[in-house]
Amino acid sequence: MSKSGGRRGGGGKERVRTAKKRTASSTRWLQRQLNDPYVKKAKHDGYRSRAAYKLIELDDRFKLLRGAKGVVDLGIAPGGWAQVVRQRAPKASVVGIDLLETDPIDGVTILQMDFMDDDAPDKLKAALGGSADIVLSDMAANTVGHKATDHLRTMGLIEAGLEFAVEILEPGGAYVAKVLAGGADDSLVKQMKSHFKTVKHAKPPASRKGSSEWYVVAQGFKGRPDEA
Ligand SMILES: C[S@@+](CC[C@H](N)C(=O)[O-])C[C@H]1O[C@@H](n2cnc3c(N)ncnc32)[C@H](O)[C@@H]1O
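Residues numbered from 1 in each chain as written. Predicted model: local features only at pLDDT ≥ 70, side-chain atom pairs only at ≥ 80, totals over all residues.

**Student:** I'd love a proper account of the UniProt feature "binding site: S-adenosyl-L-methionine" (unreviewed entry) in the protein chain, names of residues and values included.
**Tutor:** Under the UniProt annotation, "binding site: S-adenosyl-L-methionine" (unreviewed entry) lies at Gly79, Trp81, Asp98, Asp114 and Asp138. Tracing the backbone through its elements, the reader meets Gly79 in the loop between strand S1 (70-74) and helix H5 (80-88). By secondary structure assignment, the location of Asp98 is in strand S2 (residues 93-98). For Asp98, a count of 21 C-beta atoms within 10 Å puts it in the buried group. Sequence-distant contacts of Asp98, defined by excluding residues within four places in its chain, comprise Gly75, Ile76, Ala77 and Gln112. (UniProt positions renumbered as here; feature names shortened; annotations may be inferred. Helix = DSSP H or I, 4+ residues; strand = E, 2+ residues; numbered from the N terminus. Buried ≥ 20, exposed ≤ 12 C-beta atoms within 10 Å, placed from the backbone. Contact = placed C-beta atoms within 7 Å.)

**Student:** If you had to explain the site of the ligand to someone new, which residues and values would you point to?
**Tutor:** Taken together, 20 residues sit near the ligand, with Ala51, Gly75, Gly80, Phe115 and Asp138 positioned nearest. Counting only elements with at least two residues in the shell around the ligand, the list comes to H5 and S2. Grouping the amino acids of the shell around the ligand by side-chain chemistry returns 12 nonpolar, four polar and four charged. (Near = placed C-beta within 6 Å. Nonpolar A, V, L, I, M, F, W, Y, C, P; charged D, E, K, R; others polar.)

**Student:** So what about the sheet that holds strand S4 (residues 132-137)? Which residues, and what values?
**Tutor:** Read from one edge of the open sheet, seven strands run S3-S2-S1-S4-S5-S7-S6, paired in mixed fashion. Only two strands of the sheet have a single neighbouring strand rather than two, namely strand S3 (108-112) and strand S6 (196-202). Averaged over all pairs of adjacent strands, the angle between strand axes in this sheet comes to 15°, irrespective of strand direction. Here S1 pairs with S2 via five bridges, running parallel. Bridging from a neighbouring strand, Asp73 pairs with Gly96 of S2. Against the sheet, helix H4 (residues 52-62) contacts strand S5 (169-179), S6 and strand S7 (214-221), and its axis sits at roughly 40° relative to S7. Packed onto the sheet, helix H8 (residues 186-195) meets S6 and S7 and runs at close to 140° relative to S6. (Pairing = 2+ DSSP bridges. Axes fitted to C-alpha atoms, helices over the stretch in contact; angles between N-to-C directions.)

**Student:** An account of unusual backbone geometry is needed here, citing residue identities and associated values.
**Tutor:** Going from Ala77 to Pro78, the amide bond is cis rather than trans, its omega being 0°. Its location among the elements puts Pro78 in the loop between S1 and H5. In this structure, Lys63 is a non-glycine residue whose phi angle is positive, near 50°. In this structure, Lys63 sits in the loop between H4 and S1.

So this is what it looks like as structure tokens:
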């Protein structure tokens, strides 16, 4: 590919035509990517994604990973968060799941499947082999551009993550999930507050200002009622 994204071998005309084919939004994405200090930093620091810095910043603020023994990473690919988990909680069992293939990460068990599949929670539990101190979810539903549908699909992922977290967390554990603009809706926050001592919204500096993503951080899991 030439710098303009067009194929080699054509004259100026072909390049212009090919460049024109790129949508304005993909050109903006490419420019942003090329100039993004976090992309450069990730390359330099050996992280697979710039997303790694979001977890670093969330962990610096909320002390999520300190002393963790069991961590579940929902939406693990390409693996930036898992790399941070391995560095900050080297003794923890770590299990991740993603629809996409993830290159192996030393010390991490990776399942390639849909977290929304009925058997995904049991498979994750079996792979972890015990309870977790933290369930992380950086999953994002593929947006279709229809606001209400996108919101519902994202909420579906967060709720399923919450249900799973309630099943697998140790008392005192935490659940962190990516949410879209406006954050988790009231009923979800209410639900979270019934299970966790604190529920906060955070936008780490590495999360692009223009993006609508936020994170909801629920800490201090109160435990399962049947085990209280
Ligand atoms: C923003 S990326 C995660 C980046 C990752 N935290 C990192 O640091 O490299 C979101 C991931 O969620 C995954 N995902 C979305 N829906 C999913 C689902 N239902 N089951 C499993 N993975 C899902 C996507 O395939 C994508 O790889």
